[in-house]
Amino acid sequence: MKTLITTLIVVALLVPALALGYNENNIGMYITETPSGANADATLNTAAPGTYDVYLVLTNAYNWAQFSPITTVGGFECSLTLPENWTFSGVSLPPNVLDLNNDPAHFYCSGQIPVTGGTATLATITLLTFDPTPGLAYIAPYFASPSIPGSMAITDADREFALEAAYPASGDYAEPIFGLNMGVIPDEDVSWGEVKSLYR
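Predicted model, so just to flag it, every value in this text is computed and none were measured.

Participant: Explain the packing of aromatic side chains here, please?
Facilitator: Ring pairs (aromatic) are described by centroid distance and by the angle formed between their planes. The full count for this structure, using the stated rule, is five aromatic pairs. Aromatic pair Tyr142 and Phe143: ring centres 5.3 Å apart, planes at 70 degrees, arrangement edge-to-face. Relative accessible area serves as the criterion here: at 8%, Tyr142 is assigned to the buried category. What links up through ring pairs into an aromatic cluster is the set Tyr62, Trp64 and Phe67.

Next up, the structure:
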């Protein structure tokens, strides 16, 4: 009976910690290096072909094994998927960070990335489009042998590069982390809408 009560107490203490874990170590894509949490920061709207810089940002960096914030990210793993008509033009990593995979869609990075106010810019990604149609971008665990099976990962450089799970900013891998032109109406549709309004 005593063992059962002890087990129930441990489970009761762990469940809130696991639930809170999903609010920490979130990786998202934003139009700013200092996202406010608003959906507008995770959306790029443009009617023009060209290149556009967006940022892969870690928010609420936390070491759950030590119950303390992470001040220097020692590495990270994740993969990105872009919608049709959008591609990677280039990726810029912070100083002294190396991507061992060397593929703009797949990050297997090591180095030291400072965390300021719980937030760290993991990469600056330049997107290219010749036909800026609407679409959604997704994040996923590193495609080849992730350090934590089924999960993205970061490390805490100040604590012997301790491994921590990371989570999509959207809350689920099945949900997009970034929208491309989700609020833009093509010119021809705008014109047709204006014509239709004449007959109302």
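Participant: Quick question: what am I supposed to make of the nonpolar core here?
Facilitator: Soluble globular proteins tend to bury their nonpolar side chains together. If you look at the biggest cluster of nonpolar residues, it comprises 39 residues, and the most contacted ones within it are Ile27, Leu56, Phe76, Leu80, Phe107, Ile125 and Phe178. Listed by contribution, the elements that provide at least two residues to this core are strand 1 (26-30), strand 3 (50-59), strand 6 (72-81), strand 9 (106-114), strand 10 (120-129), strand 11 (135-140), strand 12 (152-156) and strand 14 (178-180). Of all the elements, strand 3 adds the most residues to this core, at six residues. Excluding residues that lie within four positions of it along the chain, Ile125 makes contacts with Met29, Tyr52, Asp53, Val54, Leu56, Leu80, Phe88, Gly90, Val91 and Phe107.

Participant: Hey, could you run me through the state of the cysteines in this one?
Facilitator: Here a disulfide denotes one covalent bond, and it connects the sulfur atoms of two cysteines. Under the definition given, this model contains zero disulfides. Free of any disulfide, Cys78 has its nearest cysteine sulfur in Cys109, 7.7 Å distant. Judged by its relative accessible area of 0%, Cys78 is buried.

Participant: Would you explain unusual backbone geometry in this entry?
Facilitator: Phi angles above zero are rare outside glycine, and Asn25 is one such case at about 55 degrees. Here Asn25 is to be found in the loop between helix 1 (2-21) and strand 1. With a phi angle near 55 degrees, Phe161 is a residue other than glycine that sits in the positive phi range. Within the fold, Phe161 resides in the loop between strand 12 and strand 13 (162-168). For Phe161, a relative accessible area of 42% translates into the label partly exposed.

Criteria and thresholds
Residues numbered from 1 in each chain as written. Predicted model: local features only at pLDDT ≥ 70, side-chain atom pairs only at ≥ 80, totals over all residues. Heavy atoms only, no water. Phe/Tyr/Trp six-rings, centres within 6.5 Å; stacked < 30°, edge-to-face > 60°. Buried < 20%, exposed > 50% of the residue type's maximum accessible area, 1.4 Å probe, protein only. Core = buried A, V, L, I, M, F, W, Y, C linked by side-chain atoms within 4.5 Å. Helix = DSSP H or I, 4+ residues; strand = E, 2+ residues; numbered from the N terminus. Contact = heavy atoms within 4.5 Å. Disulfide = S-S within 2.5 Å.

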